[in-house]
Amino acid sequence: MSAELKVSGLGKAFTAGRAVVDDVSFTVAAGEIVVLLGPSGCGKTTTLRCVAGLEHPTEGEISLGGEVISAPAKGILLPPRLRNVGMVFQSYAVWPHLTVRQNVAYPLKTRGLSRADMDAKIRQALALVDLESYADRSVTQLSGGQTQRVALARAMVYEPRLLLLDEPLSNLDAQLRLRLRDELRRIIKAVGLTALYVTHEQTEAVVLGDRIGVMRDGKLLQLATAEDLYNRPADLFVAGFTGASNVVPGTVRAHHGAFGEIETASGARLSAWLNEGTPVGERVMVAVRPENIDLVPAADAPNRVTARILERRYQGTHTIYHLDLYGARIEALEMGTAPRHAEGGDVTIALPPTLCWAYPAAEIAP
Ligand SMILES: Nc1ncnc2c1ncn2[C@@H]1O[C@H](COP(=O)(O)OP(=O)(O)OP(=O)(O)O)[C@@H](O)[C@H]1O
Ligand SMILES: [Mg+2]
């Protein structure tokens, strides 16, 4: 049933010499949900369509459950209908002239099942998406969320080896989106399906994915669990894309194991996680998340420093302080409804070195 998906060196160019998917490699284990996350135009849909067989890759190899389904160099290209892959798209791709039941039954028709088997599978699929009582309604009488659940039931009813989902929630209103997001993960996990899910929404990726792959300009930059992605981003783009909005420029002065001593514009030194390959003398950017800045640091906390509060923005449940730190303007977040610091004053903070990440300035994202 559920199969492992293996993508190696995948490349796709619509015009010669301009790859929109560029040397992408990753594996989705059987029963795992991997989310591809990235800004518009980075190649998420194209990657998904290559896996589905709707797009012909120009490079690389795709295999499903150990079977090579696409390898242009070897002349292998299994047509979509033979891949046994379910798909759910952004637009509600259901048949408007059919009922809910008829929509879900559709993919089973060509599969030679008995009437009883078919009915049982349809019932199961509809129960899974909580639409049993809507079976005989026309799909035109459903809400957006219900329609997407029909699309999901239809994509799963024949027990595909892999489920592909391309921004299935983006046409729904905010509230429904949140609810269906949680439901989707539950449903996919209940069936134990292998799934590849595409979105440009971080929170959706974090909630849904077992692992998240961040894409940019056709390249897969990092594939990791949400926790790894948020706590050890591979580069400045991933750091920024996942919300590490503070950047402090500096120069590497020394290495101490996994950490570097970074001299900032103000001359003060900062200890930050640093890739060993980054040499002394290199210009770097240190990224740190506003919520990881310690506003009540212990007396012996590393990277303890006093900063001027340039601006205070009260947000009700939390407060954001704009600080002048090492000559850079950064934001720090304080939880709670009662802010403890005033605008114009000084505050002693600490930057936990494991949550400060230095990246070569040459790799700066625009
Ligand atoms: N059929 C096509 N012909 C030519 N170029 C295409 C075609 N389909 C996609 N592209 C280009 O490939 C790049 C990647 O497109 P893709 O649809 O994969 O992006 P995406 O990450 O899914 O973006 P979005 O978040 O906006 O859906 C874009 O620059 C797009 O213009
Ligand atoms: Mg897309």
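Here the residue numbers are simple positions, counted from 1 along each chain's written sequence. Chains carry letters and ligands carry numbers; both start at the beginning, A for chains and 1 for ligands, and go up in the order they are written. Only residues with pLDDT of at least 70 are given local features in this predicted model, and only at 80 or more are side-chain atom pairs given and counted; all residues enter the totals for whole chains, interfaces and linings.

Some thoughts on the overall build of the protein chain
Scanning the protein chain from N- to C-terminus turns up 8 helices and 20 strands. Summarising its shape, the C-alpha atoms of the protein chain cover approximately 75 × 50 × 30 Å along the three principal directions. To sort residues by burial, count the other C-beta atoms lying within 10 Å of each one's C-beta; a count of 20 or more means buried, 12 or fewer means exposed, and anything in between means partly exposed. C-beta atoms are built from the backbone. When each of the 366 residues of the protein chain is scored for burial, the buried share is 39%. In the protein chain, 66% of the contacts between residues at least 6 apart in sequence involve partners at least 24 apart. Numbering goes from the N terminus for both helices and strands, where a helix is a DSSP run of H or I of at least four residues and a strand is a run of E of at least two. We call two residues in contact if the C-beta atoms placed from their backbones are at most 7 Å apart.

Quick word on helix α3 (residues 115–128)
Multiply 1.5 Å by the residue count of a helix minus one, and that product is the helix's expected span. Taking 1.5 Å per residue as the helical rise, α3 with its 14 residues ought to reach 20 Å, and the 20 Å between its terminal C-alpha atoms agrees with that figure. In the core, the buried residues of α3 are packed alongside α2 (100–105), α4 (144–156) and α5 (174–191). Positive backbone phi, at 65°, marks aspartate 130, one or two positions downstream of α3.

A word on the site of ligand 1
We count a residue as near a molecule or strand when its backbone-placed C-beta atom lies within 6 Å of that partner. Around ligand 1, the neighbouring residues are Phe14, Val20, Gly38, Ser40, Gly41, Cys42, Gly43, Lys44, Thr45, Thr46 and His200. Top element by residues in the shell around ligand 1 is helix α1 (residues 44–52). It accounts for 3 residues. Throughout this entry, Asp, Glu, Lys and Arg are counted as charged residues, while Ala, Val, Leu, Ile, Met, Phe, Trp, Tyr, Cys and Pro are counted as nonpolar. The remaining residues, Gly among them, count as polar. Counted by class, the shell around ligand 1 contains 3 nonpolar, 7 polar and 1 charged residues.

Concerning the nonpolar core
Note on definitions: a nonpolar core is a set of buried residues drawn from Ala, Val, Leu, Ile, Met, Phe, Trp, Tyr and Cys, linked by C-beta atoms within 7 Å. Core analysis: the largest hydrophobic core is formed by 98 residues, its most contacted members being Ala153, Leu196 and Val286. Delimitation of the domains relies on an automatic or database domain assignment. In this structure, this core is formed jointly by two domains, domain 1 (5–236) and domain 2 (244–363), each of which donates at least three residues. Those residues within four positions of valine 286 in sequence are excluded, and the remaining contacts are Val247, Val248, Gly250, Ile262, Leu270, Ala272, Cys356, Trp357 and Ala358.

What about the pairing of strand β15 (residues 283–288)?
Here β15 lies mainly inside the structure; 5 of its 6 residues are buried. Criterion used throughout: strands pair if DSSP finds at least two bridges between them. Of the strand pairs in this sheet, strand β12 (residues 246–256) and β15 are connected by 6 bridges, and their pairing is antiparallel. Note that in β15 the partner of glycine 250 across the bridge is valine 284. Pairing between β15 and strand β20 (residues 357–360): 4 bridges, direction antiparallel. Residue alanine 287 lies in a different strand from β20, and its bridge partner there is tryptophan 357.

A closer look at the environment of arginine 179
Take arginine 179: it is sitting in helix α5. A residue is classified by how many C-beta atoms lie within 10 Å of it, and arginine 179, with 12 of them, is exposed. Sequence spacing of arginine 179 and glycine 145 is 34 residues, and the spatial spacing of their C-alpha atoms is 9.4 Å.

Overview of unusual backbone geometry
Even without glycine at this site, asparagine 84 takes up a positive phi of about 55°. Along the chain, asparagine 84 falls in the loop between β6 (76–77) and β7 (85–88). On the neighbour-count criterion, asparagine 84 (17 C-beta atoms within 10 Å) is partly exposed. The phi dihedral of tyrosine 326 is positive, around 50°, even though this residue is not glycine. Looking at the secondary structure, you find tyrosine 326 in the loop between β17 (318–325) and β18 (328–335). Among the residues examined, tyrosine 326 registers 22 C-beta atoms within 10 Å and is labelled buried.

Points about the environment of valine 286
With respect to the helices and strands, the residue valine 286 is situated in strand β15. Residue valine 286 is classed as buried on the basis of its 29 C-beta neighbours within 10 Å. The spatial distance from the C-alpha of valine 286 to the C-alpha of tyrosine 359 is 6.4 Å, given a sequence separation of 73 residues.

Digging into the sheet that holds strand β16 (residues 304–314)
The strand order across the open sheet built from 4 strands is β18-β17-β16-β19, with neighbouring strands paired in antiparallel fashion. If you trace the sheet from one side to the other, it starts and ends with β18 and β19 (346–350), each paired once. When the angles between neighbouring strand axes are averaged without regard to direction, this sheet yields 45°. By the bridge criterion, 8 bridges tie β17 to β18 in an arrangement that is antiparallel. Every axis in this analysis is a line fitted to C-alpha atoms, fitted for helices over the stretch in contact. Angles between the N-to-C directions lie between 0 and 180 degrees.

Brief notes about α4
Three- or four-residue spacings in an α-helix give side chains the same orientation, since the helix completes a turn every 3.6 residues. For α4, which comprises 13 residues, the first-to-last C-alpha distance of 18 Å matches the rise-based estimate of 18 Å (1.5 Å per residue) to within 8%. Taken together, the buried positions of α4 are occupied by Gln146, Thr147, Gln148, Arg149, Val150, Ala151, Leu152, Ala153, Arg154, Ala155 and Met156. On its buried face, α4 is in contact with β7, α2, α3, β8 (162–166) and α5.

Brief notes about the sheet that holds strand β4 (residues 59–64)
Pairing within the open sheet is antiparallel, and its 5 strands lie in the order β2-β1-β4-β5-β6. Either end of the sheet is taken by a strand with one partner, and the two such strands are β2 (18–28) and β6. By the bridge criterion, 7 bridges tie strand β1 (residues 5–15) to β2 in an arrangement that is antiparallel. Residue pairing for β2: valine 7 is matched across the bridge by phenylalanine 26.

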